[in-house]
Every structure is written in structure tokens, then in C-alpha cells.
Amino acid sequence: MTNINLMAAILFFVIFALVILRNTISKIHINLFWFCDFAPLLFGIGFLFQIMPLIKGLINIGLLAQLITSITLVFSLIFGWHTLQIRDVIKHGKFHIFVELLIHILPVNLALFLTYKTAPTGASLVYSGIIAIAMFGTSKMFTPKKKNINLIYLSQIDFGGSSIKFTLPFQTYLWAIYVFLLSLLTFFIQYLFIGGHRLQ
């Protein structure tokens, strides 16, 4: 294990600890089922034990989705576009806002930066699929529908002070497949433009 991998693992575990603390303070423990909340823990495990397919599999799932969320979250905070989601973040105070920004901006982008020279592999897609299925199953079984954890029931983009809501065909049943297709798109973006020139 390199020192960089060890430091990265420690940083991801610290971020996850901040997530736990935020959820404890706000008494919203159910948020831990969100990808952005638990991803730092899996990234930490991936870097600690050098499981590159796991790291790339998480990037596959989170890169594009977190990019959109980060942009809308930052712009909303800067320009005061207070949608219901943003108001829910703000009402819990500065620490909550800090952690929210941290988990949406840093983990996936940092993991991508640290592994950009490594080509994505077919194994990373297997991890993406397993994680997507696990997210779908746990969110359906352990979280209430009204919370819409991981946007399983309703897709939503907050921007410009309003929320754009839409439902993909059979989204409630095919959510894991849609996530896998998004992962496949990110996989090819990494393969073609970011790192590596051949499948391993």
C-alpha cells in the first residue's frame, strides 16, 4: 500500500465520520442510505485494501449524478435559490451545509483524481451493478417512499429556485437498470477521455 492510498483511505473515513456526526446531530439517520452518505466509507475501504474495481465502480455510479447535484447545490446556496431540498439543508445550520457540500463535491472527484491514470475495467461494472442493486433493495425495504431516498420513486433536479421533477418509464421497478446504464456511460467517459486506452 502506498502512502497516498493510506492517506486517501483515512480522509474518506474522516468524511464518513462527519456524515455520521451530521446525521446524529440532525437526528436524520435515514440519510445514511443515500449514495453520497455511504460512498465515503466504501471509497475508504477501496483505497485501504487497494480494490480498484470497487473504487471505479463507485465513480461509475456517482460521477455524473454528483456533478449535477454539486452544481445545483452550490448555485442554490450562492444565489439563494431555496427549493425544498435546499431549505432542508439550511435549516440544520452551517455544519450540516459544510458536510452536504463536502460529500457532494469531494469523494467522487478525489477518487477520480487519484485513479485517473488507471483504465476502467469490466470488473468495475460488476461492482457498479452490485452496488446499484444493493441501493435499490435497501432503499425500498428500509426507507419510506415519501423520503424518495436515492430518487428511486421520482427523479428531481433543483435549479433556479424550482424543482424539475420527472419519472422515467417504470422507474420504481427499473431504477437499478437506469443506474447501471448511467454507470456504463461514465465507464466509457473514463475509458475514452480520462485514463487508459484499453480495457483490462
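Refer to the preceding data block for the structure.
Since the model is a prediction, treat every value here as computed from it, not as a measurement. (Residues numbered from 1 in each chain as written. Predicted model: local features only at pLDDT ≥ 70, side-chain atom pairs only at ≥ 80, totals over all residues. Heavy atoms only, no water.)

A.B. asks: When you look at the packing of aromatic side chains in this model, what are you seeing that I'm missing?
C.D. replies: In this description, a pair of aromatic rings is defined by centroid distance and the angle of the planes. Scanning the model with the defined rule gives seven aromatic pairs in all. Each ring, one from Phe-33 and one from Phe-142, has its centre 6.2 Å from the other, and the planes form 25°; the classification is stacked. Of the two residues, Phe-33 sits in the loop between helix H1 (3-26) and helix H2 (35-48) while Phe-142 sits in helix H7 (residues 122-142), which places them 109 residues apart along the sequence. Judged by its relative accessible area of 52%, Phe-142 falls in the exposed class. By way of ring pairs, the aromatic residues Phe-12, Phe-43 and Phe-47 are connected into one cluster. Its end group placed over the ring of Tyr-173, Lys-140 keeps NZ or CZ at 5.9 Å from the ring centre. (Phe/Tyr/Trp six-rings, centres within 6.5 Å; stacked < 30°, edge-to-face > 60°. Helix = DSSP H or I, 4+ residues; strand = E, 2+ residues; numbered from the N terminus. Buried < 20%, exposed > 50% of the residue type's maximum accessible area, 1.4 Å probe, protein only. Lys NZ or Arg CZ within 6 Å of the ring centre and 35° of its normal.)

A.B. asks: Help me out: how do you make sense of the packing of H1 against helix H6 (residues 107-115) in this one?
C.D. replies: If you want to describe how two helices pack, look at the angle between their axes and the distance between the axes. At a closest axis distance of 12 Å, the pairing of H1 and H6 adopts a crossing angle of 175°. Between H1 and H6, the interaxial angle falls into the category roughly antiparallel. For the pair H1 and H6, the contacting residues are Ile-4, Ala-8, Leu-11, Phe-12 and Ile-15 in the first and Pro-107, Leu-110, Ala-111 and Leu-114 in the second. Residue classes in the contact of H1 with H6 are distributed as nine nonpolar, no polar and no charged. (Axes fitted to C-alpha atoms, helices over the stretch in contact; angles between N-to-C directions. Parallel < 35°, antiparallel > 145°, perpendicular 65-115°, else oblique. Contact = heavy atoms within 4.5 Å. Nonpolar A, V, L, I, M, F, W, Y, C, P; charged D, E, K, R; others polar.)

A.B. asks: What's the story with the pattern of salt bridges in this structure? I'm lost.
C.D. replies: If charged atoms from side chains of opposite charge come close, those side chains can pair. Enumeration according to the criterion identifies two salt bridges in this entry. Its salt-bridge partner being Arg-22, residue Asp-37 comes within 2.4 Å of it at the nearest N-O pair. Highlighted residues: Asp-37 in helix H2 and Arg-22 in helix H1, separated in sequence by 15 residues. Of the two residues, Asp-37 and Arg-22, neither departs from the other in class, the shared state being buried. The salt bridge involving Arg-22 is made with Glu-100; its shortest N-O contact spans 2.7 Å. You can see Arg-22 sitting in helix H1 and its partner Glu-100 sitting in helix H5 (residues 94-105), a full 78 residues away along the chain. Overall, the relative accessible area of 12% leaves Glu-100 in the buried class. Here the residues in one salt-bridge network are Arg-22, Asp-37 and Glu-100, joined through shared partners. (Salt bridge = Lys/Arg side-chain N within 4 Å of Asp/Glu carboxyl O.)

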